[in-house]
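Architecture and fold: a report
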Amino acid sequence: RWGFCLSHQQRQQLPKEGQYQVFIDSKLIDGSMTLSHLLLEGETDQEILISTYTCHPSMANNELSGPLVAAFLYRRLASLAKRKYTYRFVFCPETIGSIAYLSLYGKQMKEKMVAGYVVTCIGQDKHFSYKYSRQENSMADQAAQIILRDRFQNDWKPLGFGPTGSDERQYWSPGFNLPVGSLIRTPYGAFPEYHTSLDNKQLISFDALKESIDVYFDICMAMENNH
């Protein structure tokens, strides 16, 4: 019914058989959690969300690729002479961070957000996959689908809506139902290095990261030019 993480060396030191007694030494205290966000203002207050997470700092594809792509996408969008949409960039710990962020800004996001994406697992030199929003035909979904078909024809994989995954599950939860999808290269859990020390910088490539930035930028431009 529950479990915990430990290193392989610690696991090897445990007795092979027998029952274990677990003591959870925890306290309820006033702590802190770092959430980072920035609004890149456009001509309207309608928003497009770009969200990524900062909770697996040692992992390259599952972690580092998302903030890298989001940061360079921000630079590309910020260099435009004008933007129709306002872009909300969010960096937070996965799950608990997006839940906390929604508690702070969820009402405003419900009123103003027209599309959004969770940026994760985007650094490997693999084919793209796209996970649809809960609506499955939102502007986010349509823009991503158009660009992927134009660039790669049928050489990409559509992933249907499902209640598991990354921070999209918080954004599209019933109380918010935000139109958030996720462009991915190797879905979480679908590569053998996932959540291990082998998810290191040898697993990702700068060429793949650059292409991912280009595809996300093209998707944003599809929405910018949609009149």
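The coordinates are above.
An account of the accompanying structure is given in this report. (Residues numbered from 1 in each chain as written. Predicted model: local features only at pLDDT ≥ 70, side-chain atom pairs only at ≥ 80, totals over all residues. Heavy atoms only, no water.)

1. Points about helix H4 (residues 139-152)
For an α-helix, 3.6 residues make a turn, and residues three or four places apart therefore share a direction. Here H4 contains 14 residues, and its C-alpha end-to-end distance of 20 Å stays within 8% of the 20 Å for a straight helix at 1.5 Å per residue. Among the residues of H4, Met-139, Ala-140, Asp-141, Ala-143, Ala-144, Ile-147, Leu-148 and Phe-152 are the ones counted as buried. For H4, the elements touching its buried residues are strand S4 (113-118), strand S5 (129-131), strand S7 (180-184) and helix H6 (206-224). Gln-153, located one to two residues past H4, shows a positive phi value of around 55°. (Helix = DSSP H or I, 4+ residues; strand = E, 2+ residues; numbered from the N terminus. Expected span 1.5 Å × (residues − 1). Buried < 20%, exposed > 50% of the residue type's maximum accessible area, 1.4 Å probe, protein only. Contact = heavy atoms within 4.5 Å.)

2. Looking at the state of the cysteines
In the structure shown here, the tally under the stated rule is zero disulfides. Cys-5 forms no disulfide, and the closest cysteine sulfur to it belongs to Cys-55, at a distance of 12 Å. Cys-5 sits in the exposed class, given a relative accessible area of 79%. Not part of a disulfide, Cys-92 finds its nearest cysteine sulfur in Cys-55, a span of 8.0 Å. (Disulfide = S-S within 2.5 Å.)

3. Considering a nonpolar patch on the surface
Side chains of Trp-2, Phe-4, Leu-6, Leu-14, Tyr-20, Val-22 and Ile-24 sit close together on the surface and give an oily, nonpolar patch of about 770 Å² of accessible area. Looking at the secondary structure, you find Ile-24 in the loop between helix H1 (8-13) and strand S1 (36-40). (Patch = residues over 30% accessible without salt bridge, like charges linked within 9 Å, V, L, I, M, F, W, Y side chains within 5 Å. Areas by Shrake-Rupley, 256 points an atom, 1.4 Å probe, with all protein chains shown as cover. Salt bridge = Lys/Arg side-chain N within 4 Å of Asp/Glu carboxyl O.)

4. Digging into unusual backbone geometry
A positive phi angle, close to 70°, is found at Thr-95, a residue other than glycine. Within the fold, Thr-95 resides in the loop between strand S3 (86-92) and helix H3 (96-112). The backbone phi angle of Gln-153 is positive, close to 55°, even though this residue is not glycine. Mapped onto the fold, Gln-153 is located in the loop between H4 and strand S6 (157-159).

5. Observations concerning the pattern of salt bridges
Applying the stated rule across the entire model yields seven salt bridges. In this structure, Arg-76 engages Asp-214 in a salt bridge whose closest nitrogen and oxygen atoms are separated by 3.0 Å. Remark: Asp-214 occurs in helix H6 and Arg-76 occurs in helix H2 (residues 60-78); sequence separation between them is 138 residues. Classification of Arg-76 by relative accessible area gives partly exposed; the value is 30%. Here Lys-131 ties to Glu-168 by a salt bridge, and the two come within 2.8 Å at their closest N and O atoms. Of this pair, Lys-131 sits in strand S5 while Glu-168 is found in helix H5 (residues 168-171), placing the two residues 37 residues apart along the sequence. Each of the two residues, Lys-131 as well as Glu-168, counts as buried.

6. Looking at the sheet that holds S7
Sheet architecture is open: seven strands sit in the order S1-S3-S2-S4-S7-S5-S6, paired in mixed fashion. Two strands close off the open sheet at either side, each with one partner strand: S1 and S6. The mean angle between the axes of side-by-side strands here comes to 20°, regardless of whether they run parallel or antiparallel. Bridge analysis of S5 against S6 gives three bridges, and the strand direction is parallel. Bridged to Tyr-130 within S6 is Pro-158. Across the face of the sheet, H4 comes into contact with S4, S5 and S7 while running at roughly 55° to S4. (Pairing = 2+ DSSP bridges. Axes fitted to C-alpha atoms, helices over the stretch in contact; angles between N-to-C directions.)

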